[in-house]
Amino acid sequence: MTTSPFSVPANARRIDPARQRATALKKDGSVNDNDRVEIGPTPLAFAEWESLGLEPPHLPTLRTYRLQRIVDQLVARDLGGILLFDPLNIRYATDTTNMQLWTTHNPARACFVAASGHVVLWDFHGCDHLSAHLPLVTELRSGASFFFFETGEHTDRHARHFAAQIDELLRQHAGANRRLAVDRVEVAGVRALDALAIELCSGQEVTEFARMIKGPDEIKAMRCAVASCEASVAEMHRAMRAGATENDVWAALHSGNIRRGGEWIETRILSSGPRTNPWFQESGPRVLSDGDLLSFDTDLIGTYGMCVDMSRSWICGALEPTAEQKRLYRIAHDHIVHNTELIKPGVRFTELTARAHRLPEPCRAQRYGVLYHGVGLCDEYPSIRYPEDSESYGYEGELQPGMTLCVEAYVGEVGGRDGIKLENQLLVTQTGYELLTHYPFDESFLRDTKHNS
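Residues numbered from 1 in each chain as written. Predicted model: local features only at pLDDT ≥ 70, side-chain atom pairs only at ≥ 80, totals over all residues. Heavy atoms only, no water.

Q: Could you give an account of the overall build of the chain, with specific residues and numbers?
A: In terms of helices and strands, the chain carries 15 helices and 17 strands. Relative to the globule expectation of 22 Å for 453 residues, the C-alpha radius of gyration of the chain, 24 Å, shows essentially globular dimensions. Counting across all 453 residues of the chain, residues that qualify as buried make up 58%. By sequence separation, contacts in the chain at least 24 residues apart represent 67% of the contacts at least 6 residues apart. As presented, the chain carries roughly 18500 Å² of accessible surface, and 54% of it is formed by carbon and sulfur atoms. Measuring between centres, the 47 positive side-chain charges of the chain sit 1 Å from its 61 negative side-chain charges. (Helix = DSSP H or I, 4+ residues; strand = E, 2+ residues; numbered from the N terminus. Rg over C-alpha atoms; globule rule 2.2 N^0.38 Å. Buried < 20%, exposed > 50% of the residue type's maximum accessible area, 1.4 Å probe, protein only. Contact = heavy atoms within 4.5 Å. Areas by Shrake-Rupley, 256 points an atom, 1.4 Å probe, with all protein chains shown as cover. Lys, Arg positive; Asp, Glu negative; His and termini not counted. Charge placed at Lys NZ, Arg CZ, Asp CG, Glu CD.)

Below, the structure is given as structure tokens:
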């Protein structure tokens, strides 16, 4: 390995075996040390999962599975390795976290995975300790920053030093194979890698296909994350009252997520009253009144970094919804129930588009962006489109066991007052599907309703 001011030599970062023997492990295989640096679920989360009969994932097995998924994709595509800058791809490959939102727009961390399984992590300076518990990280370095805020007029020089390390790693661990997948990289990095005759390939394709099939422990992690999210949603439901602001209600979701060991929320899409139509308005200072419709989408990154993406619509004050609100809710409910029943292995994406429930004509202009989307550490491959969007954005694929999907609908007419948002998360099984989200629909919208869907 070259030594330069832009890199740190590899070092041994294993948990002290004596300490590990002396310290009991938690049910997920992590060290039961209250002073550890590793983030994770809180005692509240573990207690709630136990009461529900949920088994936490075994994290060492989960990590090994994920790394092998990447290696298998690299081998299948005859790639020498992959270079990752996306914090969620780095999380997938290494299970390391470090200022995830900040590094999303400040690419100060990187990871190289060779087709041989050799893993090099470049972390933020002074952060060696954050991955000390992860034996799958073979080498730890620093110096992956070459964006203007960090490196100014020296950006190109830093990029060249970093590219030289990648060149050396390819020569050491891939031999004559110069094919390198990259998920995303600054322009200076592209130029530096090109100058070394490294053939750049699509890293997003590699990681999306690797992440597409969840292993048994990932599914356990997702079930646990869903349970914690739904407990937080219940707290948000209780916070919904006349006189509270939208932000008051949304803050309850944030609080519940963090208290259970969740990590962040990708959006803040919650709106009430006339702000529910059109969709995608984020929570604000609007004060709720009894009888107001409130709709939301969690977009929540919960325990173990697993995304829980569910949507519900409620009435403030537990009043009876209006006939129009019931009509829209029934359409949305029929939509996701019908589309859920289409899920089974072997179904093609285009078949799902063709057989999906059709929204009434007045609701199509404001349809949601997708009928279905994958979900894991965030929204993931695939995106399965409405018929109106299939020609411009659709692509082909096939459902496989182990895929996790969200089925969703937004129903609101152009110029209307109300908008209903419903969404569930599910697992594709060997024979069909397993519903993962269980937070109840509001039955007050579904009773005594004549509808035309």
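Q: Explain the sheet that holds strand E4 (residues 139-141) to me, and be specific about the residues and the numbers.
A: Across the sheet, which stays open at both edges, the 6 strands sit in the order E4-E3-E2-E1-E5-E6 with mixed pairing between neighbours. Each edge of the open sheet is held by one strand with a lone partner, namely E4 and strand E6 (199-202). Averaged over all pairs of adjacent strands, the angle between strand axes in this sheet comes to 20 degrees, irrespective of strand direction. Note that strand E2 (residues 110-114) and strand E3 (residues 119-122) share 4 bridges and pair antiparallel. Bridge pairing in E3 places Val113 opposite Val119. Along the sheet, helix H4 (residues 87-94) contacts strand E1 (81-84), E2 and E3; its crossing angle with E2, the most-contacted strand, is approximately 45 degrees. Across the sheet, helix H9 (residues 203-212) touches E1, strand E5 (179-182) and E6, and the angle it forms with E6 is around 40 degrees. (Pairing = 2+ DSSP bridges. Axes fitted to C-alpha atoms, helices over the stretch in contact; angles between N-to-C directions.)

Q: Give me the sheet that holds strand E7 (residues 264-265): which residues, what numbers.
A: With antiparallel pairing, 3 strands are arranged side by side in an open sheet as E7-E10-E11. Lying at the two open borders of the sheet, with one neighbouring strand each, are E7 and strand E11 (307-308).

Q: Describe the nonpolar core, with residues and values.
A: By size, the foremost hydrophobic cluster in this structure holds 65 residues, and its most contacted members are Val113, Val233 and Met236. Here this core takes 11 residues from helix H10 (residues 216-239), the largest share from any one element. In this structure, Trp279, Leu328, Ala356 and Ile420 belong to the second largest nonpolar core, which totals 40 residues. (Core = buried A, V, L, I, M, F, W, Y, C linked by side-chain atoms within 4.5 Å.)

Q: Which residues make up the state of the cysteines, and what values do they have?
A: The full count for this structure, using the stated rule, is 0 disulfides. With no disulfide of its own, Cys307 has Cys406 as its nearest cysteine by sulfur position, at a separation of 6.5 Å. (Disulfide = S-S within 2.5 Å.)

Q: Now, about the pairing of E1: what can you tell me, with residues and values included?
A: Neither face of E1 is open: one carries Gly81 and Leu83, the other Ile82 and Leu84, and all of them are buried. Where E1 and E2 come together, 4 bridges link them in antiparallel fashion. Looking at E2, one finds that Ile82 is bridged to Val113. Strand direction decides the pairing type here: E1 and E5, joined by 3 bridges, are parallel. The residue bridging Gly81 from the neighbouring strand is Leu180, located in E5.

Q: Before we move on, could you go through the pairing of strand E15 (residues 404-411) and cite the residues and values that matter?
A: For E15, a buried count of 8 out of 8 residues is recorded, marking the element as mostly surrounded by other parts of the structure. Along E15, one buried face is formed by Thr404, Cys406, Glu408 and Tyr410 and the opposite face, lined by Leu405, Val407, Ala409 and Val411, is buried too. The pairing of strand E13 (residues 372-375) with E15 spans 3 bridges and is antiparallel. Looking at E15, one finds that His373 is bridged to Cys406.

Q: Account for H4, naming residues and giving values.
A: Extensive coverage of H4 is indicated by the burial of 8 of its 8 residues. Buried within H4 are the following residues: Pro87, Leu88, Asn89, Ile90, Arg91, Tyr92, Ala93 and Thr94. Among the residues of H4, the N-terminal cap falls to Asp86, whose side-chain oxygen and the backbone nitrogen of Leu88 are separated by 2.8 Å. Immediately downstream of H4, the backbone of Asp95 shows phi near 60 degrees, a positive value. (Polar contact = N/O pair within 3.5 Å; in protein donor to acceptor, adjacent residues only side chain to side chain.)

Q: With reference to specific residues and values, describe H10.
A: With 24 residues, H10 extends 35 Å between its outermost C-alpha atoms, agreeing within 8% with the 34 Å of an ideal straight helix rising 1.5 Å per residue. With respect to burial, H10 is a largely interior element, 17 of its 24 residues being buried. (Expected span 1.5 Å × (residues − 1).)

Q: Explain the pattern of salt bridges to me, and be specific about the residues and the numbers.
A: Counted by the stated rule, this structure contains 38 salt bridges. Glu38 serves as the salt-bridge partner of Arg36, at 3.4 Å between the closest nitrogen and oxygen. Overlapping salt bridges, with partners in common, bring together Arg36, Glu38, Arg63, Arg91, Asp95 and Glu263 in one network. (Salt bridge = Lys/Arg side-chain N within 4 Å of Asp/Glu carboxyl O.)

Q: Go over unusual backbone geometry with me, naming the residues and quoting the values.
A: Note on backbone geometry: most residues besides glycine have negative phi, and most peptide bonds are trans. Look at the link from Asn277 to Pro278: it is a cis peptide, with omega at 5 degrees. Relative to the helices and strands, Pro278 is located in the loop between strand E8 (270-272) and strand E9 (293-297). Of the consecutive residues Tyr381 and Pro382, the connecting peptide bond is found in the cis state with omega at 5 degrees. Topologically, Pro382 is positioned in strand E14 (residues 379-384). Positive phi values are uncommon outside glycine, yet Asp299 reaches one of about 45 degrees.

Q: Mind laying out the packing of helix H3 (residues 59-76) against H9, listing which residues take part and the relevant values?
A: Interhelical geometry of H3 versus H9 gives an angle of 130 degrees and a closest axis separation of 9 Å. In terms of axis orientation, H3 runs oblique to H9. Along this stretch, H3 crosses H9, giving a crossing that reads as right-handed. Of the residues in H9, those in contact with Arg69, Ile70, Gln73 and Leu74 of H3 are Val206, Phe209 and Ala210. Residues that form the contact of H3 with H9 fall into these classes: 5 nonpolar, 1 polar and 1 charged. (Parallel < 35°, antiparallel > 145°, perpendicular 65-115°, else oblique. Left-handed = near helix turned anticlockwise from the far one by under 90°. Nonpolar A, V, L, I, M, F, W, Y, C, P; charged D, E, K, R; others polar.)

Q: Describe in detail the packing of aromatic side chains, supporting the description with residues and values.
A: Evaluation of the coordinates by the stated rule reveals 17 aromatic pairs. Relative to Tyr381, the ring of Phe209 lies with its centre 5.0 Å away and its plane at 35 degrees, an arrangement referred to as tilted. A residue pair is termed long-range when its members are at least 10 positions apart, and Phe209 in helix H9 and Tyr381 in strand E14 qualify at 172 residues. Look at Tyr381 and you get buried, because its relative accessible area is 17%. One cation-aromatic arrangement involves Arg77 over Phe209; the distance from NZ or CZ to the ring centre is 5.4 Å. Directly above the ring of Phe441 sits Arg312, whose terminal nitrogen or CZ lies 4.4 Å from the centroid. (Phe/Tyr/Trp six-rings, centres within 6.5 Å; stacked < 30°, edge-to-face > 60°. Lys NZ or Arg CZ within 6 Å of the ring centre and 35° of its normal.)

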